[in-house]
Amino acid sequence: MAVEHTFSILKPDVTRRNLTGAVNAMIEKAGLRIVAQKRIKMSRAQAEEFYGVHKERPFFGELVEMMTSAPVVVQVLEGENAILKYRDVMGATNPEKADAGTIRKEFALSMGENSAHGSDAPETAKQEIAQFFKPDEIVG
């Protein structure tokens, strides 16, 4: 297996409840390294660009509002098979269907406030990382 990078967002429902450290502990316990991290207030333009794939979906406006409502923590995670591993650590999008011990089962408030985002493929990870990080900000 190759070492790869994936992109993560700890969403406003995590930062508002001061759970960043608890989520980071789960990420690290899973064997992923946090090689870049910053707390930002996502602008409307950033959120609309990031979630542009959902622009025609009925929940788009609500999603943009939620993501700009409080700070988020954007991260680059590194590890073997990092994309799949982080998706496993996050758990199912619907926290009611997520496995015990996953981020969403332990911390999510609802399907909309589901605590974390993770890239779904290598190409997506590259695009998402580039939207928030310069190459020299990623240090391992």
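That block above? That's the structure.
In this text the structure is predicted, and so the values were computed from the model without any measurement.

*Asks:* Give a description of the pattern of salt bridges that names residues and reports values.
*Replies:* Applying the stated criterion to the full structure yields six salt bridges. Where R17 meets D13, a salt bridge forms, and the shortest distance between an N and an O atom there is 3.3 Å. In this structure, K38 and E137 form a salt bridge, with 3.2 Å as the shortest nitrogen-oxygen distance. Placement of K38 in strand β2 (residues 33-40) and of E137 in the segment after α7 (122-132) is noted, with a sequence separation of 99 residues between them. K38 sits in the partly exposed class, given a relative accessible area of 26%. Judged by relative accessible area, E137 falls into the partly exposed class, the value being 31%. The network of salt bridges with shared partners includes R44, E48 and E65.

*Asks:* So what's going on with the packing of aromatic side chains? Residues and values would help.
*Replies:* Under the criterion given, the structure shown has four aromatic pairs. With a centroid separation of 5.7 Å and 50 degrees between ring planes, the pair formed by F7 and F50 is classed as tilted. A residue pair is termed long-range when its members are at least 10 positions apart, and F7 in strand β1 (residues 3-10) and F50 in helix α3 (residues 44-50) qualify at 43 residues. Of the two residues, F7 and F50, neither departs from the other in class, the shared state being buried. Ring centres of F50 and Y51 lie 4.9 Å apart, and the angle between their planes is 80 degrees; this geometry places the pair in the edge-to-face category. The two residues F50 and Y51 agree in class, both being buried. Through pairs of rings, three or more aromatic residues link up here, namely F7, F50, Y51 and F132. Above the plane of the ring of F133 lies K38, whose end atom (NZ or CZ) is 4.8 Å from the centre.

*Asks:* Mind laying out the side chain of D13, listing which residues take part and the relevant values?
*Replies:* Within the secondary structure, D13 is located in helix α1 (residues 12-16). The class for D13 is buried, based on a relative accessible area of 0%. Ignoring anything within four residues of it in the chain, the contact list for D13 reads F107, A108, L109, E113, N114 and S115.

*Asks:* So, the sheet that holds β2: which residues are in play, and what are the values?
*Replies:* In any sheet, the strands associate via hydrogen bonds between backbone groups, in a parallel or an antiparallel arrangement. The four strands lie next to each other as β2-β3-β1-β4, forming an open sheet whose pairing is antiparallel. Strand pairing shows two members of the sheet lacking a second neighbour, β2 and β4 (116-118), which therefore form its edges. Taken pair by pair, the neighbouring strands of this sheet meet at an average axis angle of 20 degrees, ignoring direction. Sheet analysis places β1 next to strand β3 (residues 72-80), joined by eight bridges and oriented antiparallel. Looking across to β3, one finds that S8 is bridged to Q75. Strand contacts of helix α5 (residues 82-90): β1, β3 and β4, with the helix running at about 35 degrees to β1, the strand carrying the most contacts.

Cut-offs applied
- Residues numbered from 1 in each chain as written.
- Predicted model: local features only at pLDDT ≥ 70, side-chain atom pairs only at ≥ 80, totals over all residues.
- Heavy atoms only, no water.
- Salt bridge = Lys/Arg side-chain N within 4 Å of Asp/Glu carboxyl O.
- Helix = DSSP H or I, 4+ residues; strand = E, 2+ residues; numbered from the N terminus.
- Buried < 20%, exposed > 50% of the residue type's maximum accessible area, 1.4 Å probe, protein only.
- Phe/Tyr/Trp six-rings, centres within 6.5 Å; stacked < 30°, edge-to-face > 60°.
- Lys NZ or Arg CZ within 6 Å of the ring centre and 35° of its normal.
- Contact = heavy atoms within 4.5 Å.
- Pairing = 2+ DSSP bridges.
- Axes fitted to C-alpha atoms, helices over the stretch in contact; angles between N-to-C directions.

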